[in-house]
Amino acid sequence: MKIAAVILSLAASGLVLSSPLAPASASKMNGKCCQSSDGGRAAAYVRQMNRRAIPHTCSAYAASCIRDSADRSDRVQMCTAAKTECMKTGVHIGPYSGRHYDGMARI
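My aim in this report is to walk through the structure given alongside it, one point at a time. Source: prediction; values computed, not measured.

### Notes on the overall build of the protein chain
Okay, step 1: When helices and strands are counted, the protein chain shows four helices and two strands.
Okay, step 2: Each helix and strand of the protein chain, ordered N terminal to C terminal, gives the series α-α-α-α-β-β.
Okay, step 3: Summarising the internal contacts of the protein chain: among those between residues at least 6 apart in sequence, 30% fall at separations of at least 24.
Okay, step 4: Only carbon and sulfur atoms are counted for the fraction: they give 61% of the accessible area of the protein chain, which is about 8100 Å².

Below is the structure:
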């Protein structure tokens, strides 16, 4: 009798766990949960965190521009032009993204 009760309870718990009303697992990737399940290892997230570590100077941003755009043939000219403009105004404008970075030290 005890064996039948154990089997019945296991079968009932199996039905409950497999039902669509059960809460989604934190590691389940079905588009409804876990927007970022990669643990912060996405390439865009890594680039953004690395960019935060760059000093807010025109030279540092120009160097990162050259490094980040390694696949472009005109990267040196474009990033150098952005650096020159930054030295005049104190605002670095990303040559490829068009983003404005205000408050740069003119170093």
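And the narrative resumes.
### Things to note about helix α3 (residues 58-68)
Okay, step 1: What α3 keeps buried is the set Cys58, Ala60, Tyr61, Ala62, Ser64 and Cys65.
Okay, step 2: Contacts made by the buried residues of α3 are with α2 (43-52), α4 (75-89), β1 (92-93) and β2 (100-101).

### A word on the side chain of Ser69
Okay, step 1: Within the fold, Ser69 resides in the loop between α3 and α4.
Okay, step 2: Among the polar contacts listed, one links the side chain of Ser69 to the backbone oxygen of Cys65, at a separation of 2.6 Å.
Okay, step 3: Discounting chain neighbours no more than four positions away, the residues touching Ser69 are Arg75, Cys79 and Tyr96.

### Side note on the state of the cysteines
Okay, step 1: This structure, assessed with the given rule, holds two disulfides.
Okay, step 2: Sulfur-sulfur distance for the disulfide between Cys65 and Cys79 comes to 1.9 Å. Around the S-S axis, the bridge from Cys65 to Cys79 shows a dihedral of about -65 degrees and counts as left-handed. On the criterion of sequence distance, the pair formed by Cys65 in helix α3 and Cys79 in helix α4 is long-range, its members being 14 residues apart.

### A look at the packing of α3 against α4
Okay, step 1: The N-to-C vectors of α3 and α4 enclose an angle of 165 degrees; their axes lie 9 Å apart at closest approach. With respect to each other, α3 and α4 are oriented roughly antiparallel. Crossing geometry of α3 relative to α4 is assigned as right-handed. Contact residues: Cys58, Ser59, Ala62, Cys65 and Ile66 in α3; Arg75, Cys79, Lys83, Cys86 and Met87 in α4.
Okay, step 2: Considering only residue class, the contact of α3 with α4 consists of seven nonpolar, one polar and two charged.

### Side note on the nonpolar core
Okay, step 1: Judged by nonpolar contacts, Ile54, Cys58, Ala60, Tyr61, Cys86, Tyr101 and Met104 together constitute the single largest core of seven residues.
Okay, step 2: Of the residues forming this core, the biggest block, three residues, is contributed by α3.
Okay, step 3: Apart from the residues within four sequence positions on either side, Tyr101 is in contact with Arg51, Tyr61, Gly90, Val91 and His92.

Criteria and cut-off values
Residues numbered from 1 in each chain as written. Predicted model: local features only at pLDDT ≥ 70, side-chain atom pairs only at ≥ 80, totals over all residues. Heavy atoms only, no water. Helix = DSSP H or I, 4+ residues; strand = E, 2+ residues; numbered from the N terminus. Contact = heavy atoms within 4.5 Å. Areas by Shrake-Rupley, 256 points an atom, 1.4 Å probe, with all protein chains shown as cover. Buried < 20%, exposed > 50% of the residue type's maximum accessible area, 1.4 Å probe, protein only. Polar contact = N/O pair within 3.5 Å; in protein donor to acceptor, adjacent residues only side chain to side chain. Disulfide = S-S within 2.5 Å. Axes fitted to C-alpha atoms, helices over the stretch in contact; angles between N-to-C directions. Parallel < 35°, antiparallel > 145°, perpendicular 65-115°, else oblique. Left-handed = near helix turned anticlockwise from the far one by under 90°. Nonpolar A, V, L, I, M, F, W, Y, C, P; charged D, E, K, R; others polar. Core = buried A, V, L, I, M, F, W, Y, C linked by side-chain atoms within 4.5 Å.

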